[in-house]
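Here are the chains, one letter per residue:
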Amino acid sequence: MSDGAESYMAIAVGQDGHTHMCTSNTTVCTWDDLHCGEQYTVHVVANDFLCSSMPSNSTSIRMAPCIPQNVGASLNCTYKFGSLTWDPSETAEYYTVTAETNSGHKVQVSTNDTWTFISEFLCGEEYFLSVQAADSECTSLPSQPSTLKSVPCPPTSVSSSMNCLSNIAVVSWTGSAGADFYIATVSQEDGETMSCSSDGEECGMPNLSCGRDYTVTVVASNYMCDSEPTEADTLQSVPCVPTDVEVEIDCSTNQAVVSWSASDGALSYKASAQSRQGDMSICESTNLNCILTNLTCGQSYSVQVVAEDEICSSLPSQAVELKSVPCTPVIGSVALDCYTNSALLEWAFADGALNYTATASSSSGHVSTSSSNYTNCELHDLQCGQTYDVIVVASNEMCSSPPSSTLQVESVPCPPKDVTPVLNCSTNTARVEWQASPGADSYIVQAYGVEEHETFCEADSESCILTDLLCGYTYNISVIAVNSVCNVSHSNITQLHAVPCVPQQVEAQVDCESGAVAVSWEPSKGASSYTTVAQGNGGYASTCSSSETTCLLSDLLCGLNYSISVMASDLTCSSAESSAVEINTVLCVPQNVTAEMVCSDDAGIVSWEEGEGVSSYRVQAYGPDGHKTECNSTYTHCRLHNMHCGQVYNLTVTAEDGQCDNSRAYLNLQSVPCRPTNVKAALLCHSNSAAVTWERASGAVSYLVVGVTADGSHRTECNNSMTYCDLIGLQCGQTYNVSVYGQDEYCSSVESDMAYMQTAPCAPQNVAVDAKCADGAISVSWTPNPDAQYFHVAAVSNTGARLYCNSSSTACDINNLPCGKTYNVTVLSVRDDCESEPSAVEETSSAPCVPTNVKGSLDCVSNSAWVTWDPSQGAHSYSVVANGVGGHTSNCTSTSSPCEVPDLNCGTLYTFYVTAVNKHCNSSNSTTFELETGPCALTSISAATQCNSDTILVEWEMTEDTPVYVVTAEGHDQSIISCNSSSHSCELQNSQCGMQYSIIVSTSSDKCSSLRSPTKKIKTAPCVPSNVTVVPSCEEHGATVTWTHSSVAKSYMLTATGSDGHVASCITLVNNCTLAHLHCGQAYTLNVTAKGENCTSLPHTSTFRTVPCEPSGLAVDIDCETNLAILSWDVSEGAVEYIGCAQTMYGDSLYCESNVPFCTIEGLECGEVYNFSVEASDGICNSSFSAPLQEGAAPCAPTALNVRIQRIGQSHWAMTSWVEVDCPDVEYLVEITGRIQDDPQALMEVSSYWLPRPYFEFPMPCSTAYNLTVRSRNSGGVSEPSSAFTGVTVPCAPQNVIYTGNTQSAVLSWDSSVFATGYAVYDVSGAVRIELCSTTDLSCQVTNFDPANTTVKAINEEGESIGSSDITGLVGLRRRRDLRTTKVYAHLDNGLEIPELPNVTVSGVSLHVKWSTVKDATEYKLVIEEEQNEQQPPRVRSVEDDFYTETDLKPWTTYNVRLSAKNTISQSNYTRPVSITTGSA
């Protein structure tokens, strides 16, 4: 308080200049608008009503920091921490952040920054966050709170379940704090997930993938963050519905194997089959198949499979239809149709049957089958003469029933085969033979002449003779096999030509110019050719054949008389000879005419064979130079004189008889060649040969040059067709006489004038070189050669310097040779300008140069001297000699400096010199020098070492007053080790293996002092061999091992141990060894040890792999299109490369290389057979080739197959063709498989034979689906089948064609024909068929209808079927019926009236039956039986008309005829028999 003050004013001035004032009547004043974070200076002024006091002393006020502003908060959901930021507050030194929940949980954190993280949040809480700024004294108020929700807590008690029927997964849980809603997730290992969300505690997920194991988790969410997933729960979905359900019926047991693909989630399966009649069969399995048993025959089942686990079952699989095995049919009756050789068969309907297969099996193994959709069929193509067992099998698409009981039926007799008529040309009768026909009782042979003449014969055996044949006629011959039932078995017709008639009016005429004879005659009946025979009087015959009535005999022998006759012939016989006519032929041309020259007198000798009827011969010769000469002779030779040389004469030899002098022979004759002229010979000195020339000689084809030495000791020749030639191989130092001869094929000319020449001198012989070392010269000598004028000696040094000397005697010296040179010495003989060949080279050298700069030093440890010098030219080695004063001498030899002179005596003065040495000379001694060895006062030292030890124990006798001894050891490599001792022994440390040590003991470090011992030498144990190298020895399957030589080793041992236990070893004295015959492909461990005098080194170990084994498991795959062969084989141990080989039978080879166990060989030739093999290589050695695998380069299968169906007669043929394979010598085989009537039980398989052409034809059944393939082959092998050509044949003729209506208008209907796409009805009454209708249906309406002249055909893309002409009227409806076993005469039903007695007439051996129709009858049974022969079965015929004709009955035989009416449900009784007798055949 201030005295006199009535009021006070307090003034606060901030640092920012802002001023705050307050007044008070008391001593307290309050500011409420001070700035936060500001520092104020405050003073007080006292006031009265008039004055104000001076300001008081100031004081400072520091305001609290400002409240932090713009506080922002966020939550990191992943790491679950909160992030808080704010604007900075001035003067704030730090900040305090507070997070607090309504439940009281509080978290505080301090920071110097304007941001911070808080991670201690509890899940599922709402936090209120505020910030306070603080300095050292004050703290601001909290900031406006910011709210932040933490991550929701995870749900608990998670469970899941499946609704098996709806396939919905239901997930439930217990709610958690902080959650607004929940997300449930199911997931698979493959990544598939599905989720559902709910704000409650349950949700469902439909359509889960079946058969999966799911992991179930739940997270809680507050729209901002999700909680951690709950602990995973597992859920298994409903098993999947089985798929790929297949049913395979076992036709033999009527059991079905049901199989399916595995269903995910399934632990077991249940398969069920239910028939339409309610029959059930069930099987269960944990596998993917099971067997349904107890199936009822002939039923259709629906099969389904259900997958099950421990909780749920899947829905049933897609139903699969199963048809059980059809029931067994019961046969009713079987009858034979003689004309078609077919069995007509009926049986009862079998449940489950879609079609039936009837089979007739004969005792010979022949089988005939027929398929039908009805309860009857016709068995076609029975083999004749057989007894057949007939059965019926019912079938559906998959199976066939067990066969029915058996009935027997006999087929018709076989037609005779191999009918062979043998014509007896001399009698013009024919013996007809054939093979016996099974079932035949007798035979009839019929011969019908083309010109109406007939003849026949009958026989019970297999031959018959036809007589009364007319000459020149042609007969058609057939044989009929007859038995008691049928006489329809005709053989194939064989034609027989009777003997031709004898030719008439034969005439002959000679053609003098050509020497031929022309023969003519009149035509003969039945002759297809004629043979003219000319028989000579010397036994010679000639024939000519002609289809005309003339013939020219152009090959008759000349000069003979011939008898000529003519025979008429066909392909089988010849007629008798005609009457003969005689004629003489022309003279012969001179035969075997030869001509040769008499080379010595220019005469030609012509000779020939003597001819018949010749009176004389004339020979004429014409030369190209106009010269002509001739000679005449009555003998067989003639001589032509004075023929000119070098001419080709044309010779003519004429045989003369005074009538036809035109028989001439022609030939050529070459006269003797003329002699060559102007012969010259010149020496070719460099080759010691002679070049000879001359002028051409007429008539010479070639020339012979002869050179002969003057003394006749040597002869040489050369040949040439030109006018020059070189005589080679001449002997040196000779004079040759040269002459030339002209030659042709037979003669040589006379010798030409002679030329002379002298050859080159001979090379000096026995050349010897004597080195005169002391004189620096060499002396060369040789043997005398009188042909040489002088001799030239050449010495060429190693530096290229050439030294010469010449001499006319036999020796020559070359002086002033420099030291250290080597020389090659040769000698030449010289005459004029011609030098001989040089003599053989002789090698020599001058003396080596004297060694220089010779020095020496003592090695007192080893008591030896080391001598050095500079190298000397020409020296091969050096010898160092040390001569002691007392007479002791030591030396050493070395190929280079230095050299150690060993074992010097103690206390001796030595004089040293060096000498250079080569194989010819020694140099002079070098300058000498002297060395004196020191005395050896110490004696009796010893040294010892242990094997593989690095110490040497040295002992000696002590001397007085010697406090310390120094032991020094020097190795042979001059390495030093030492030790000191004051006693009588010392141990040298760190001695090296493989060393020879020289050891001395001395009293000081001066090794050369007088107080030292003599040298003691010792060898340590050999070192482990080093630098071991292994070089494979491929051929011997081994290796050569080398190593560094040890100077102390006496021998070495090498041991190789293979990984398979094989051991090989060798002992050697040198540093290498070869191991052979090691096992292939093995890793060997090599141990090498060195053995010394007493010790053996430790082994050196290394590894080595031997030659790879030859590959095994070779396989070859040849690609025919690319001509490639892919070789593969098993890996060969140790191999890094393989070489494949393909070798032909002729040795040609192809190769491929690879570093993997397969490779491709290119360039194979189609059709070749190759031996394939392979060898392995490790980069150094190759294995043996593997055992060869022989494979052929077979051709490819043909391509571009084409099939065309073509009708030929009443059959259809598959005309197949393809593109030829590009490969030599290819043959083809066609194979066809098919289903007749598309019936899996009626299969066909047929193939062609191998043939070279690219086409083939097959007869094909109608309505057949087929696959056709073609193979090719040649010497290389057989190809795979080609791609199949798939097709169908033309449809079969429609069956069961019936009509309703009348001839004016009718509706035709028929059964479906397999593979038919349409049908056509034709009127065939005229020459050209008329189409009545065309349809794709099974019926058609026609007008103006005549059943007898109407045919129905089925059509598809391949063509149209054979016509179906069996058209019947429909009387009543038809249905399936159950036929029971009956006999022919049984009374089946009384529903139909018995027909009236039929009207039976006979014509020869044919029987015609006519009857009145019966109401409601659709067909009639007609029985024809012999009256007196119960052994003969009756003939039973099924007829739809009211008449029938039976042929081929026995002549003069009584038959009984019965008739019965029949329809689809009943059959009437038979009429009483009507008897009738046949007439003659």
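Every value quoted in this text rests on a predicted model; they were computed, and no experiment measured them.

Conventions and cut-offs
- Residues numbered from 1 in each chain as written.
- Predicted model: local features only at pLDDT ≥ 70, side-chain atom pairs only at ≥ 80, totals over all residues.
- Heavy atoms only, no water.
- Disulfide = S-S within 2.5 Å.
- Helix = DSSP H or I, 4+ residues; strand = E, 2+ residues; numbered from the N terminus.
- Buried < 20%, exposed > 50% of the residue type's maximum accessible area, 1.4 Å probe, protein only.
- Pairing = 2+ DSSP bridges.
- pLDDT = per-residue confidence, 0-100.
- Contact = heavy atoms within 4.5 Å.
- Core = buried A, V, L, I, M, F, W, Y, C linked by side-chain atoms within 4.5 Å.
- Axes fitted to C-alpha atoms, helices over the stretch in contact; angles between N-to-C directions.

Engineer: Before we move on, could you go through the state of the cysteines and cite the residues and values that matter?
Structural biologist: Cysteine pairs can be covalently joined through their sulfur atoms, and such a bond is termed a disulfide. The tally for this structure, following the rule as stated, stands at 36 disulfides. Paired by a disulfide, Cys-947 and Cys-1095 hold their sulfur atoms 1.8 Å apart. The disulfide joining Cys-947 to Cys-1095 has a torsion of about -80° about its S-S bond and is therefore left-handed. A residue pair is termed long-range when its members are at least 10 positions apart, and Cys-947 in the loop between strand E77 (942-945) and strand E78 (952-955) and Cys-1095 in the loop between strand E89 (1083-1091) and strand E90 (1100-1105) qualify at 148 residues. Of the residues examined, Cys-1095 reaches a relative accessible area of 11% and is grouped as buried. Here Cys-1166 pairs with Cys-1223 through a disulfide, and the sulfurs are 1.7 Å apart.

Engineer: Tell me about the sheet that holds strand E112 (residues 1359-1360), and name the residues and values.
Structural biologist: Pairing within the open sheet is antiparallel, and its four strands lie in the order E109-E108-E111-E112. The open sheet terminates on both sides in strands that have one partner only, identified here as strand E109 (1330-1335) and E112. Note that strand E108 (residues 1318-1323) and strand E111 (residues 1350-1356) share six bridges and pair antiparallel. Its bridge partner lying in E111, Gly-1318 is registered against Ile-1355.

Engineer: Can you lay out the confidence of the model for the protein chain for me, pointing to particular residues and giving the numbers?
Structural biologist: Counting all residues, the mean pLDDT for the protein chain is 86, and 97% of those residues have values of 70 or more. Mean pLDDT values for the elements of the protein chain range from 81 in strand E113 (residues 1367-1369) up to 93 in strand E103 (residues 1264-1274). Considering only residues more than four positions removed or in separate chains, one finds that residues 1371-1390, a stretch of pLDDT under 50, has 51 contacts.

Engineer: Residue-level account of the environment of Val-708, with values.
Structural biologist: Looking at where Val-708 falls in the secondary structure, it is placed in strand E57 (residues 702-709). Between the C-alpha atom of Val-708 and that of Leu-1189, which follows or precedes it by 481 residues, the distance is 64 Å. Excluding its chain neighbours within four sequence positions, the residues that come into contact with Val-708 are His-714, Arg-715, Thr-735, Tyr-736 and Asn-737.

Engineer: Please provide a residue-by-residue account of the nonpolar core, values included.
Structural biologist: Grouped together as the largest cluster of nonpolar side chains are 25 residues, with contacts concentrated most on Leu-345, Tyr-356, Leu-379, Leu-382 and Val-392. Those elements giving two or more residues to this core turn out to be strand E26 (331-337), strand E27 (342-347), strand E28 (355-362), strand E30 (376-379) and strand E31 (387-395). Broken down by element, this core gets its largest block of residues, four residues, from E31. Those residues within four positions of Leu-382 in sequence are excluded, and the remaining contacts are Leu-336, Asn-341, Ser-342, Ala-343, Ala-360, His-366, Ser-368, Tyr-388 and Ser-411.

Engineer: Outline the sheet that holds strand E56 (residues 689-695), listing residues and values.
Structural biologist: With antiparallel pairing, three strands are arranged side by side in an open sheet as E55-E56-E59. Edge positions in the sheet fall to strand E55 (677-684) and strand E59 (724-727), since each has one partner strand and no second. If you compare each strand with its neighbour and ignore which way they point, the axes differ by 20° on average. Strand direction decides the pairing type here: E56 and E59, joined by four bridges, are antiparallel. Paired with Ala-691 across the bridge in E59 is Asp-726.

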